[in-house]
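Tertiary structure, described
Single-letter residue listing:
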Amino acid sequence: MGTQSLKLSILMPAYNEAGTVGIAVKRVLDLQYPCDMEVVVVDDGSADHTSEVLAAIDDPRVVITAHAANRGKGAAVRTAASLATGDYLLIFDADLEYSPDDILSMLAPVSRGDAEVVYGVRKFGASTAHSFWFVIGNRVNTFTANALFNTWISDLHTCLKLLPASLFRELPLTENRFGLDTEQGKKLTWGDGVVATNILLRVRLRKAITHRRARLRKAITDRHAWLHRPRARGA
């Protein structure tokens, strides 16, 4: 599917982001997209003036909803996805950590037909605000995911993930907080890294059990069919 024939839904969870969410939405809307787009913002029970900032946004491409109480990034993303009308979904945080220009770069492989799912990759280095242990933790979690699922993801916990809406809705996502980034595949402490590893192991084990049960059901079905196969005359 080329970009001209698709619609992009940008999912933006916001929690106490009064100082940045309005700027983030404006910057996203100001881009020149090669396709139709919308921004779905979820105010996740903010206690500051986030709701007032969002109420002042007047653009038909923006959909705004709110949680009565804070439920976490994962829950906010799932709520946004349930309201999205686009063919593709992209998560974009409201804290200005990422450049909106990256959205266009992520659309390019889809436009060329080179990819269906695109992950952003952060450049960790001395010029960034990320600490040494943050980077090491991210790399350990990313390596763990690649080893468990036989993949080659460069940055597991990047916010920027572009994927078909149909695929997102097929994923058995249950995490309410930052663990959702791990289930799909950031502001993390070492404790979050431990949680991320536990999620990876849980998802991998669940996948193995599901596959084992499927093979067992197939074996039982095949044996039942063999036992009840039509017998040749005279046999």
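All figures in this text were calculated on a predicted structure; none of them were measured in a lab.

Rules behind the numbers
- Starting afresh in each chain, residues are numbered from 1 along the sequence in its written order.
- Per-residue local features of the predicted model are confined to residues with pLDDT of at least 70, and side-chain atom pairs are confined, for both listing and counting, to 80 or more; whole-chain, interface and lining totals are unaffected and use all residues.
- Note: side-chain values were computed over all heavy atoms of the structure, leaving out hydrogens and water.
- For this analysis, a nonpolar core means a set of buried residues of the types Ala, Val, Leu, Ile, Met, Phe, Trp, Tyr and Cys, connected via side-chain atoms within 4.5 Å.
- Residue burial is assigned from relative accessible area. The probe radius is 1.4 Å, only protein chains are included, and a residue is buried under 20% of its type maximum, exposed over 50%, and partly exposed in between.
- In this text, helices come from DSSP runs of H or I with a minimum length of four residues, and strands from runs of E with a minimum of two, each type numbered from the N-terminal end.
- Whether two residues are in contact is decided by their heavy atoms: any pair within 4.5 Å suffices.
- Strand pairing is assigned whenever DSSP identifies at least 2 bridges connecting the two strands.
- Here is how to tell: hold the view so the strands point away, follow the path from the first strand over the helix to the second, and if it runs clockwise the crossover is right-handed.

**Regarding the nonpolar core**
In this structure, L8, M12 and I103 are the most contacted members of the largest nonpolar core, which totals 30 residues. Those elements giving two or more residues to this core turn out to be β1 (7-14), α1 (21-29), β2 (36-44), β4 (88-91) and α4 (101-112). If you tally residues by element for this core, the top one is α1, at five residues. Ignoring sequence-local partners within four residues, the contact set of I103 consists of L8, I10, V28, L31, Y33, L90 and F92.

**Describing the pairing of β2**
Looking along a regular strand, one sees side chains alternate from face to face of the sheet. Among the nine residues that make up β2, eight are buried, leaving the element largely enclosed by the rest of the structure. Judged from the eight bridges that link them, β1 and β2 form a sheet pairing that is parallel. Across the sheet, S9 pairs through a bridge with E38, a residue of β2. Considered for its hand, the β-α-β crossover made up of β1, α1 and β2 is right-handed. The sheet contact formed by β2 and strand β3 (residues 62-67) spans six bridges and is parallel. Following the sheet pairing, D44 is matched in β3 by H67. For the segment spanning β2, helix α2 (residues 50-55) and β3, crossover handedness is right-handed.

Read these as layout, nothing more, since geometry by itself doesn't imply function.
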